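Letter by letter, the chains look like this.
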Amino acid sequence: MSTMAVPDVAVAAVDEGFWTRSRKVGLVLVALGLLAALLFGALATDQQARFTLSEDAAGTALEIKGTFGAILFGVIALAAGAALLAGLPKRWFLPVLGVGLVAFVLSFLCWQVSAAPAGQNFMPLVNIIRGTFILALPLIFGALAGVLCERSGVVNVAIEGQLLMGAFSGALFGSISGNVWVGLVAAAIGGAFISLLLAVFSIRYLVDQTVMGIVLNLLAVGVTGFLYERLMQTNAERYNSAPRFSNWEIPLLKDIPVLGPALFRSNIFLYLGLLLVLVIHIGLFRTRWGLRTRSVGEHPIAADTLGVRVLRLRYRNVLLAGVVAGIGGASYTLALYSFTKNMIGGKGFIALAALIFGRWNPTGALLAALFFGFADQLATYLGAINSVIPSQFLAMLPYLATILAVAGLVGRVRAPAADGKPYVKG
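Structural notes, computed from the coordinates. The model shown is predicted, which means the values in this text are computed figures rather than measured ones. (Residues numbered from 1 in each chain as written. Predicted model: local features only at pLDDT ≥ 70, side-chain atom pairs only at ≥ 80, totals over all residues. Heavy atoms only, no water.)

Quick look at the pattern of salt bridges
Argument step 1. Summed over all chains, the structure comprises 7 salt bridges.
Argument step 2. Asp 376 is paired through a salt bridge with Lys 347; the nearest N and O atoms lie 3.1 Å apart. Separated by 29 residues along the polypeptide, Asp 376 in helix α16 (residues 362-384) and Lys 347 in helix α15 (residues 347-357) bring together distant segments of the chain. (Salt bridge = Lys/Arg side-chain N within 4 Å of Asp/Glu carboxyl O. Helix = DSSP H or I, 4+ residues; strand = E, 2+ residues; numbered from the N terminus.)

What follows is the structure, encoded as structure tokens:
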């Protein structure tokens, strides 16, 4: 009886077929679950980990013993990973992955909260949620600006400059006029100015869009830094003391437990950011403008043959993106801080990462921005309870997750087909 050798290529194909993306993610999740159950469980204490439904240690709280909680949630993460390894249907991939990641984070928090010094072994959920949204605000506006540009086929690396110019313009003109609404309009115009330069050089003169974005970021840093030193530093009371938007409380919604005080007792920028996510999402996927925008970003030649004015639509959307990003910059200087040199500090690039992580979708960009905001807020919280985990390590996690997303570990990420490609009408 003869045997037939199986070619190496066929074996490789079989192996590749078995190790699907879902199974690879499941293997990683199994490793994280083991780490959580064994390491976090061993380091946690028998003290109660309290998650208070308020802004401090008082009031109702969800309590669980640190060691038990760390092990329990670690086992849940492990089970989620095992389910993915077993080959669940594709429609279950994201829900199971979400459960596993949330369980891993909860296991980590059970360790950290239970091991905190006496009197600090609690996590105020209202403060955590509120801080997450506040830190995510410029990322939300910046990512939405990226969606508007890149869905139209224009790469927007200039988000950093648009945010910075918006923050500066809002602070300067808000201070001079003494009117917060004047500052908001000026911030929108400041962001649109950077976008106008991006549009003219990228669309009209066909300059490399990535290079142009970097140049505009440097321009914004230079111009705002120069004017800051000449005006704001010498006379801060006149040029850098803009009024602030007060918090607006929404009746009924503000009384919802946890979410009410965290989200519905906030300033206009939070409400505007969430509203813009909804409006842009509906606009992109439910309107004629959205259909034309997506067609221009995917196949501008075909759109042109159907009567769509490709260049005009790109100009309009890039300018609109600048307005959105400029308002995002104003969320710093008209709600939180006075203007300082280069105060955006790389948030524009993080917004660009959130755009990619969110798959060029407004809702996905919102969730990715909240993920980044949560990581920042968690780092602040761990510093407040003197955690043994250096905050710098936690700050690395969003970037690592973005790299994994872009690499395709949690799903193939594809930009619009015409993104970054100049269009010359024949």
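Brief notes about the nonpolar core
Argument step 1. Counting 78 residues, the largest nonpolar core has Phe 269, Leu 334 and Phe 339 as its most contacted members.
Argument step 2. Ranked by the residues each element gives to this core, the list is headed by helix α5 (residues 125-150), at 13 residues.
Argument step 3. Among the nonpolar cores identified, the runner-up in size contains 25 residues, and Phe 73, Leu 109, Cys 110 and Tyr 381 belong to it. (Core = buried A, V, L, I, M, F, W, Y, C linked by side-chain atoms within 4.5 Å. Buried < 20%, exposed > 50% of the residue type's maximum accessible area, 1.4 Å probe, protein only.)

A closer look at unusual backbone geometry
Argument step 1. Unlike most non-glycine residues, Val 258 shows phi in positive territory, near 65°.
Argument step 2. Not every positive phi belongs to a glycine, and Asn 342 is a case in point at roughly 50°.
Argument step 3. Positionally, Asn 342 belongs in the loop between α14 (310-333) and α15.
Argument step 4. Residue class for Asn 342 comes out partly exposed when judged on its relative accessible area of 38%.

Quick notes on the packing of aromatic side chains
Argument step 1. Counted under the stated rule, the structure contains 12 aromatic pairs.
Argument step 2. Note on Phe 168 and Phe 339: the rings are 5.3 Å apart at their centroids and 70° apart in plane angle, and the pair reads as edge-to-face. Here Phe 168 is found in helix α6 (residues 159-177), whereas its partner Phe 339 is found in the loop between α14 and α15, with 171 residues between them in sequence.
Argument step 3. Judged by centre distance (5.0 Å) and plane angle (85°), the rings of Trp 181 and Phe 245 are edge-to-face. A residue pair is termed long-range when its members are at least 10 positions apart, and Trp 181 in helix α7 (residues 180-204) and Phe 245 in the loop between α9 (236-239) and β4 (248-249) qualify at 64 residues.
Argument step 4. Among the residues examined, Trp 181 registers a relative accessible area of 44% and is labelled partly exposed.
Argument step 5. By way of ring pairs, the aromatic residues Phe 40, Phe 104, Phe 108 and Trp 111 are connected into one cluster.
Argument step 6. The lysine or arginine in question, Arg 204, covers the ring of Tyr 205, its NZ or CZ lying 5.1 Å from the ring centre. (Phe/Tyr/Trp six-rings, centres within 6.5 Å; stacked < 30°, edge-to-face > 60°. Lys NZ or Arg CZ within 6 Å of the ring centre and 35° of its normal.)

Considerations on a nonpolar patch on the surface
Argument step 1. Together, Phe 68, Leu 72, Ile 76 and Val 99 line one region of the surface with nonpolar side chains, adding up to about 340 Å² of accessible area.
Argument step 2. Here the nonpolar patch gets 3 residues from one element, more than from any other, and that element is helix α3 (residues 66-85).
Argument step 3. Structurally, Phe 68 is set in helix α3.
Argument step 4. Judged by its relative accessible area of 52%, Phe 68 falls in the exposed class. (Patch = residues over 30% accessible without salt bridge, like charges linked within 9 Å, V, L, I, M, F, W, Y side chains within 5 Å. Areas by Shrake-Rupley, 256 points an atom, 1.4 Å probe, with all protein chains shown as cover.)

Observations regarding the packing of helix α11 (residues 268-286) against α14
Argument step 1. One can describe the packing of α11 onto α14 by two numbers: an axis separation of 10 Å at closest approach and a directional angle of 155°. Classified by the angle between their axes, α11 and α14 sit roughly antiparallel to one another. Of the two possible hands of crossing, α11 and α14 adopt the one that is left-handed. Residues Phe 269, Leu 272 and Leu 276 of α11 pack against Val 324, Ile 327, Ala 330 and Ser 331 of α14.
Argument step 2. Classifying every residue of the contact of α11 with α14 by side-chain character gives 6 nonpolar, 1 polar and no charged. (Axes fitted to C-alpha atoms, helices over the stretch in contact; angles between N-to-C directions. Parallel < 35°, antiparallel > 145°, perpendicular 65-115°, else oblique. Left-handed = near helix turned anticlockwise from the far one by under 90°. Contact = heavy atoms within 4.5 Å. Nonpolar A, V, L, I, M, F, W, Y, C, P; charged D, E, K, R; others polar.)

Thoughts on α6
Argument step 1. With 19 residues, α6 should cover 27 Å at 1.5 Å per step; its first-to-last C-alpha distance of 26 Å lies within 8% of that length.
Argument step 2. Counting buried positions along α6 gives 16 out of 19 residues, so the element sits mostly inside the fold.
Argument step 3. Gly 178 lies just past α6 and shows a positive phi near 70°. (Expected span 1.5 Å × (residues − 1).)

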